[in-house]
Amino acid sequence: METSSSAASAASGPTPGPFPPLFPPGLHGIYGECRRLYPEQPNPLQVTAILKYWLGGPDPLDYVSMYRSLGSPTENVPEHWHYVSFGLSDLYGDNRVHEFTGPDGPSGFGFELTFRLKRETGESAPPTWPAELMQGLARYVFQSENTFCSGDHVSWHSPLDNSESRIQHMLLTEDPQMQPVQTPFGVVTFLQIVGVCTEELHAAQQWNGQGILELLRTVPVAGGPWLITDMRRGETIFEIDPHLQQDRVDKGIETDGSNLSGVSAKCAWDDLSRPPEDDEDSRSICIGSHPRRLSGKDTEQIRETLRRGLEINSKPILPPINTQRQNGLNNDRAPSRKDSLESESSAAIIPHELIRTRQLESVHLKFNQESGALIPLCLRGRLLHGRHFTYKSITGDTAITFVSTGVEGAFATEEHPYAAHGPWLQILLTEEFVERMLEDLEDLNSPEEFKLPKEYSWPEKKLKVSILPDAVFDNPLH
């Protein structure tokens, strides 16, 4: 990150009264909201990108301002550092960074990031590592065009401050104090980063992010009402209160289902009803062969399938499973400007009209251990609640969608429960079969207790599931 190595005061910081004329117009509204909260800090410390993004620099955020918040003793909110980004929204309105679409819609990506870090005793200046963290998230947004929403989660798999902390992942929520602002270039909202432990991330994945955020608000040392991140926190909310897992999370999944509609995963599938030498249409989704690309219409249908029949899930997300970090981020999928399942080269290699939907007699599903461990959640938290769940391969365009009988837009039917369109497989499972699979797959809840490879088979259903080592997916010809 080419930013100043330490916080530095803005060269010509704003003073009370009219904004300085050199301020980018889109910055006024954001800065005004900061002034509303911190009128005594008109010239905050900032971390500034040395070479601006629009001049070829690597960091999309022009600035990260850092304020000292006294918290709220009456609400048991401790003193903390409050970080606010500038750059995900449109600061300039001249298309140098964001396309200007007018004042009525979102400004740029429509949001800025904030972060609240507990102030350590005797700490006189804010640590600057949160600015790098925010730049990492911003790079992901700019490169993927995936926007974040409240309740989203980010799998980081590393202490946020590069220490030995258990706080290694993030949830996102509305900043508890900062209100949406109208700028000349659109509306800007403020999404706060909340640091969480691995166990809390998993609970958010399995239930929903909003539910875990609400639990964090009820535990002062884990966030409290303003969701302040304490990098020294050594216990999860489930260790602090062991009843939360069973009484809130497990019951929440049983009652509400899971909001997790899909994951990027190491997965593949084979059509066992087709002889290996038959290359007609597409058996190319097998490991070790060249994957056929999803057409634009296919990706559009997958996106619509992920949205329909899910009125209670307004924001389906596609987070990753154990993918390699890119720019510090495990590409968690949030609602996107472009297709959630669209790869960089997903333009159709074969015309859409020439790829027919095939009904398959028998299929073999293949997952690595981490993605396979989510199958019970897929069945219990999604299909038993009339929903769907999609595994999207991180190595190609292969997609596997499990659907229940109530999901609209599926091309798998009860008469033909296995159907494929190019590399996209849909599997329709009845409630009765789901219940049976849950019994047979019980040991997936304790993956450390079995050795790989592991195979499950339902011959009368002509379905086989294999849990395989990562090496099979990392080295296709292994």
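That block above? That's the structure.
Report follows, based on the coordinates. (Residues numbered from 1 in each chain as written. Predicted model: local features only at pLDDT ≥ 70, side-chain atom pairs only at ≥ 80, totals over all residues. Heavy atoms only, no water.)

Further remarks concern unusual backbone geometry. In this model, L452 is joined to P453 through a cis peptide bond whose omega is 0°. Checked against the element boundaries, P453 lands in the loop between α10 (431-440) and β18 (454-458). With a phi close to 60°, N162 is a non-glycine residue in the positive phi region. Along the chain, N162 turns up in the loop between β6 (153-154) and β7 (169-174). With relative accessibility at 67%, the residue N162 sits in the exposed group. Its identity as a non-glycine residue notwithstanding, L227 has a phi of 55°, on the positive side. Following the sequence through the fold, L227 ends up in the loop between α4 (209-217) and α5 (237-240). (Helix = DSSP H or I, 4+ residues; strand = E, 2+ residues; numbered from the N terminus. Buried < 20%, exposed > 50% of the residue type's maximum accessible area, 1.4 Å probe, protein only.)

For the rest of this paragraph, the subject is the environment of R382. Within the secondary structure, R382 is located in helix α9 (residues 375-382). Owing to a relative accessible area of 0%, R382 belongs among the buried residues under this scheme. Distance in space between the C-alpha atoms of R382 and E254 is 9.8 Å, their sequence separation being 128 residues. Side-chain polar atoms of R382 contact the backbone oxygen of H388, separated by 2.8 Å. (Polar contact = N/O pair within 3.5 Å; in protein donor to acceptor, adjacent residues only side chain to side chain.)

In spatial order, the strands read β11-β13-β19-β18; together these four strands make up an open sheet with mixed pairing. The sheet is open, and its two borders are formed by β11 (267-271) and β18, each paired with just one other strand. The sheet shows a mean angle of 15° between the axes of neighbouring strands, direction not considered. In this sheet, strand β13 (residues 363-368) lies alongside β11 in antiparallel orientation, the contact comprising five bridges. (Pairing = 2+ DSSP bridges. Axes fitted to C-alpha atoms, helices over the stretch in contact; angles between N-to-C directions.)

Our next topic: the packing of aromatic side chains. Summed over the entire model, instances satisfying the criterion amount to 15 aromatic pairs. With 5.8 Å between their ring centres and 65° between their planes, F115 and W129 make a pair best called edge-to-face. Highlighted residues: F115 in strand β5 (residues 106-118) and W129 in helix α2 (residues 129-144), separated in sequence by 14 residues. The class of F115 is buried, set by a relative accessible area of 0%. Put simply, the rings of F367, F389, Y391 and F402 pair up and form one aromatic cluster. Stacked on the ring of W54, the Lys or Arg R96 has its end atom at 4.4 Å from the ring centre. Seen from the ring of Y92, R96 lies directly overhead, with NZ or CZ sitting 4.0 Å from the centre. (Phe/Tyr/Trp six-rings, centres within 6.5 Å; stacked < 30°, edge-to-face > 60°. Lys NZ or Arg CZ within 6 Å of the ring centre and 35° of its normal.)

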